[in-house]
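Below are the chains, spelled out letter by letter.
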Amino acid sequence: MARDLEATLGVLEKLVAFPTVSECSNRDLIRYVADFLAGQGVESRVFADETGEKEGLIAHIGPDVAGGVLLSGHTDVVPVAGQDWRSDPWSLTERDGRFYGRGTCDMKGFLALALVAVPDMVAAPLRRPIQLAFSYDEEIGCRGSAAMIAALQEQYPRAEVVIVGEPTLWRVVSGHKGGIGLTTEIVGKAAHSSMPHLGVSAIAHATGLIDWHGRMMAACRADADPASGFDPPHSTLQVGTIQGGLAVNIIPDVCRFETDIRFMPRETAEHWISAYGEAVREVEAVMRAERPEARIVVTTADVIPALVPEENGRAEQLARQLTGDNSSNRVSYQTEAGHFQAAGHSTIVCGPGDIAQAHQADEYVSADQLRAGQAFMARLIESCR
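Residues numbered from 1 in each chain as written. Predicted model: local features only at pLDDT ≥ 70, side-chain atom pairs only at ≥ 80, totals over all residues. Heavy atoms only, no water.

Undergrad: I tried to follow the overall build of the protein on my own but got confused; where do I start?
TA: Summing up its helical and strand segments, the protein has 10 helices and 17 strands in all. Relative to a compact globule of 385 residues, whose C-alpha radius of gyration would be 21 Å, the protein shows 23 Å and is just as compact. Referenced to the eigenvectors of the C-alpha coordinate spread, the extents of the protein come out at roughly 80 × 45 × 40 Å. The buried share of the protein, reckoned over its 385 residues, is 53%. Long-range pairs, those at least 24 residues apart, make up 80% of the contacts in the protein with a sequence separation of at least 6. Element-wise, carbon and sulfur atoms account for 50% of the exposed surface of the protein, whose accessible area totals about 16,400 Å². Counting 33 positive and 51 negative side-chain charges, the protein places the centres of these two groups 1 Å from one another. (Helix = DSSP H or I, 4+ residues; strand = E, 2+ residues; numbered from the N terminus. Rg over C-alpha atoms; globule rule 2.2 N^0.38 Å. Buried < 20%, exposed > 50% of the residue type's maximum accessible area, 1.4 Å probe, protein only. Contact = heavy atoms within 4.5 Å. Areas by Shrake-Rupley, 256 points an atom, 1.4 Å probe, with all protein chains shown as cover. Lys, Arg positive; Asp, Glu negative; His and termini not counted. Charge placed at Lys NZ, Arg CZ, Asp CG, Glu CD.)

Laid out in structure tokens, this is it:
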């Protein structure tokens, strides 16, 4: 371990060792963080989901006033099952200036940097507070965001600026696409395949709605703005999973598929949900003309707001001061930044590591990125002193 990174790597090693994949509890990690903060004289508050198995944490450092800076990150990570790792994904391993382990990049590296900076925040002293907000279930649709933001609004002075430390190589990302997860269940009528007129094929009617996704994306592609900064520069729609049918000689009575829509910041989730709802009603009407009991049920699993670039946004201004980055950056993935902005915070995405490493086997964060993070935290503290 590099001497100048010893403290950061010590905390990162602890965080990586907690296998906080989304289907598991993250309580042990949160309790480690709470104990770490308590050791620095910082009180934290824990909030839980309805099961009590998932927890988030909030801490406030500095004067009890509004107008501070909030550092946000998620504690959950994606699974490692089926991936070919060269080393134990739950043990921080160094090779050639890179530190490997699940979550090193996405995004426990940022969490470690923020925690290790806490003693300097406490000693500063700060005239402008710094808040820490660590969430759960970001990787499965930002499902912990609402509880986290509600706890912040109810219990703490309002931060002026939010920095979400997702991996951007410390480039300032001012915009990202929004996201919608939909599940469509089509219920028809089973029959023997020799008598198709007695049934209603759920799969046959599903094909029309699946085709709708392709037609809508083609229309978005035709209307794309190459100067938008997004890759691709348009909204995208796709059906990621599908199940249906029991046997080749049975008219299938049920078909279920899942949809992923990633929309441009100039659009809204409501627009896309409404447009899809209209297409569903048209198909359902055709099915019910054949069998009145036929139906289609659409469930909205997740809605993640887009992060809309702000004109003269305070978060962007501060992040550029702290990093020296003046490039223009937009990304097609989603983060909790969209939720913070929707709640009225000036918000930016900026953190250590490369998003290309996220969710991959042999995920890593480099020593250079961690050193840049130490400098980032030092400058942040100085700006709030």
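Once the structure has been displayed, the description carries forward.
Undergrad: What am I meant to see in helix H7 (residues 269-290) here?
TA: Because the α-helix completes a turn every 3.6 residues, residues three or four places apart line up on one side. Between its terminal C-alpha atoms H7 stretches 32 Å, which fits the 32 Å expected from 22 residues at 1.5 Å a residue. All of the buried residues along H7 are Ala 269, Trp 272, Tyr 276, Gly 277, Ala 279, Val 280, Val 283, Glu 284 and Met 287. Residues of H7 that are buried sit in contact with strand S9 (178-187), helix H6 (202-222), strand S11 (236-244), strand S13 (254-263) and strand S14 (295-304). (Expected span 1.5 Å × (residues − 1).)

Undergrad: It is not clear to me how the layout of surface pockets should be interpreted in this structure. Could you clarify?
TA: The gaps left among the atoms become clear once a water-sized probe is rolled over them. In this structure, the largest pocket occupies an estimated 700 Å³ of space. Considering the residues around the largest pocket, the lining is formed by 31 residues, among which Glu 139, Gly 141, Asp 260, Arg 262 and Gln 334 are closest to the centre. Looking at the lining of the largest pocket, the elements with two or more residues in it are S9, S11, S13 and S14. With five residues, S9 is the single largest residue contributor to the lining of the largest pocket. Looking at side-chain class alone, the lining of the largest pocket contains 10 nonpolar, 12 polar and nine charged residues. (1 Å grid on protein atoms, 1.4 Å probe; cavity = no way out; pocket = protein on both sides within 12 Å on 5 of 7 lines; lining within 4 Å. Points joined across faces, edges and corners; volume = space filled by probe spheres on them. Nonpolar A, V, L, I, M, F, W, Y, C, P; charged D, E, K, R; others polar.)

Undergrad: What is the right way to look at empty space enclosed by the protein in this model?
TA: In total, this model carries one cavity of 30 Å³ or more according to the counting rule given. Roughly 30 Å³ of volume is contained in the largest cavity. Those elements giving two or more residues to the lining of the largest cavity turn out to be helix H8 (314-323) and strand S16 (346-349). At three residues, S16 tops the list of elements feeding residues into the lining of the largest cavity. When the residues that make up the lining of the largest cavity are grouped by side-chain class, the tally is two nonpolar, four polar and two charged.

Undergrad: What is the right way to read the sheet that holds S9 from this model?
TA: In a beta sheet, neighbouring strands are held together by backbone hydrogen bonds and run either parallel or antiparallel to one another. Strand order in the open sheet made by the four strands is S11-S13-S9-S14, with antiparallel pairing throughout. At either end of the open sheet lies a strand with only one pairing partner, and these are S11 and S14. Each strand axis lies, on average, 15° off the axis of its neighbour in the sheet, ignoring direction. Judged from the 10 bridges that link them, S9 and S13 form a sheet pairing that is antiparallel. Bridge assignment links Gly 179 to a residue of S13, and that residue is Arg 262. Sheet contacts for H6: S9, S11, S13 and S14; angle to S11, the most-contacted strand, approximately 165°. (Pairing = 2+ DSSP bridges. Axes fitted to C-alpha atoms, helices over the stretch in contact; angles between N-to-C directions.)

Undergrad: Help me understand the packing of helix H2 (residues 27-39) against helix H3 (residues 104-116) in this model?
TA: For any two helices packed against each other, one specifies the inter-axial angle together with the distance between the axes. The interhelical angle for the contact between H2 and H3, taken along N-to-C directions, is 20°, at an axis separation of 11 Å. Taken as axis vectors, H2 and H3 run roughly parallel relative to one another. Here H2 and H3 pass one another in a crossing that is right-handed. Along its contact with H2, which presents Leu 29, Val 33, Phe 36 and Leu 37, the element H3 presents Lys 108, Leu 115 and Val 116. Looking at side-chain class alone, the contact of H2 with H3 contains six nonpolar, no polar and one charged residues. (Parallel < 35°, antiparallel > 145°, perpendicular 65-115°, else oblique. Left-handed = near helix turned anticlockwise from the far one by under 90°.)

Undergrad: Help me understand H8 in this model?
TA: Listed as buried for H8 are Ala 315, Glu 316, Leu 318, Ala 319, Arg 320 and Leu 322. Of the surrounding elements, those touching the buried residues of H8 are strand S3 (69-74), strand S7 (161-164), S16 and helix H10 (367-384). Where H8 ends, the next residue or the one after it, Gly 324, has phi of about 75°, a positive value.

Undergrad: Sorry if this is basic, but what is going on with the packing of aromatic side chains here?
TA: A ring pair, where both rings are aromatic, is described by two values, the distance of the centres and the angle of the planes. Applying the stated criterion to the full structure yields seven aromatic pairs. Taken together, a centroid distance of 6.4 Å and an interplanar angle of 80° make the contact between Trp 212 and Trp 272 edge-to-face. Within this pair, whereas Trp 212 is found in helix H6, its partner Trp 272 is found in helix H7, the two being separated by 60 residues in sequence. Residue class for Trp 212 comes out buried when judged on its relative accessible area of 6%. Taken together, the ring pairs in this structure connect Phe 18, Tyr 32 and Phe 36 into an aromatic cluster. Between Arg 45 and the ring centre of Tyr 156, over which it is positioned, the NZ or CZ distance is 5.2 Å. (Phe/Tyr/Trp six-rings, centres within 6.5 Å; stacked < 30°, edge-to-face > 60°. Lys NZ or Arg CZ within 6 Å of the ring centre and 35° of its normal.)

Undergrad: I keep staring at the pairing of S13 and nothing clicks. Help me out?
TA: Across the two faces of S13 the burial differs, with Cys 255, Phe 257, Thr 259, Ile 261 and Phe 263 buried and Val 254, Arg 256, Glu 258, Asp 260 and Arg 262 not buried at all. As paired strands, S11 and S13 are joined by eight bridges and run antiparallel to one another. Within the sheet, the bridge partner assigned to Gln 243 lies in S13 and is Arg 256.

Undergrad: I would appreciate a short explanation of the environment of Thr 323 in the present structure.
TA: Locating Thr 323 in the fold gives a position in helix H8. As for Thr 323 and Glu 43, which are separated by 280 residues in sequence, their C-alpha atoms are 29 Å apart. Beyond its immediate sequence surroundings of up to four residues, Thr 323 is in contact with Trp 170, Val 172, Cys 350 and Phe 376. From its side chain, Thr 323 meets the backbone oxygen of Ala 319 in a polar contact 2.8 Å long. Among the polar contacts listed, one links the side chain of Thr 323 to the backbone nitrogen of Asp 325, at a separation of 3.1 Å. (Polar contact = N/O pair within 3.5 Å; in protein donor to acceptor, adjacent residues only side chain to side chain.)

None of this, on its own, says anything about what the molecule does.
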